[in-house]
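Reading the structure
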Amino acid sequence: MKKPFLLEVIALVLILALALRLYKIDNPVADWHSWRQADTASVTRVFEKEGINLLLPRFQDISSIPSGKPNPHGYRMVELPLYNVLHLTTFRLAPGLGIDKAGRLTSVMISLVAIVFLYLSVRQLSGPALGLTSALLYAVMPFSIYYSRVVLPEPLMVAFFLISFYLFLQKNSFSFFLSALFL
């Protein structure tokens, strides 16, 4: 396949993926993972009110339920809150969206990056036809659509892994270093 044609097709896949992920994006966060999404959004809310502290993230839960230990300061000791920084950036760029939609939009945009790097990796390993097929399948699978619009750090983790894998395939020292950094 010719390069301009491939670029047009991958652009269409990304537009389709975006359209599917934006459908009813304003639905309330009231599903199986709603408590996790609320906790993740809570870290972003605290960042908005008190400033960003990547090494001591806090959230709006001072109970002992998450850890089984007293937590009077509401520390949220899970993953490094890079997702929350991106979420806060989206919220500040478009405050009219509200914290929930801003979080979902953040995940949607991150998932589009993942689709691009999935395509690039599979194209390098198996050719452009399979690269496009894998990108299209990832773009339209319902499971992928659902988890590409949650207010959770998992879409960022998937994107970082796919970026890391693609860079690893480049087989040079600088790309290997960047691959390790993203991983």
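Definitions and cut-offs
- Residues numbered from 1 in each chain as written.
- Predicted model: local features only at pLDDT ≥ 70, side-chain atom pairs only at ≥ 80, totals over all residues.
- Heavy atoms only, no water.
- Axes fitted to C-alpha atoms, helices over the stretch in contact; angles between N-to-C directions.
- Helix = DSSP H or I, 4+ residues; strand = E, 2+ residues; numbered from the N terminus.
- Parallel < 35°, antiparallel > 145°, perpendicular 65-115°, else oblique.
- Left-handed = near helix turned anticlockwise from the far one by under 90°.
- Contact = heavy atoms within 4.5 Å.
- Nonpolar A, V, L, I, M, F, W, Y, C, P; charged D, E, K, R; others polar.
- Phe/Tyr/Trp six-rings, centres within 6.5 Å; stacked < 30°, edge-to-face > 60°.
- Buried < 20%, exposed > 50% of the residue type's maximum accessible area, 1.4 Å probe, protein only.

**What to know about the packing of helix α4 (residues 98-126) against helix α5 (residues 128-140)**
Running from amino to carboxyl end, α4 crosses α5 at an angle of 155 degrees, the nearest separation of the two axes being 7 Å. In this view, α4 runs roughly antiparallel relative to α5, as classed from their interaxial angle. You can see that α4 and α5 cross each other, and the crossing is right-handed. Together, Ser 111, Ala 114, Ile 115, Leu 118, Tyr 119, Val 122, Arg 123 and Ser 126 of α4 and Pro 128, Leu 130, Gly 131, Leu 132, Ser 134, Ala 135, Tyr 138 and Ala 139 of α5 make up the contact between the two elements. The residue inventory of the contact of α4 with α5, partitioned by class, reads 11 nonpolar, four polar and one charged.

**Quick look at the packing of aromatic side chains**
This structure, assessed with the given rule, holds six aromatic pairs. A ring pair is formed by Phe 160 and Phe 182, whose centres lie 5.4 Å apart and whose planes are at 70 degrees; its orientation type is edge-to-face. Taken as a pair, Phe 160 in helix α7 (residues 154-169) and Phe 182 in helix α8 (residues 173-182) lie far apart in primary sequence, 22 residues in all. The class of Phe 160 is partly exposed, set by a relative accessible area of 26%.

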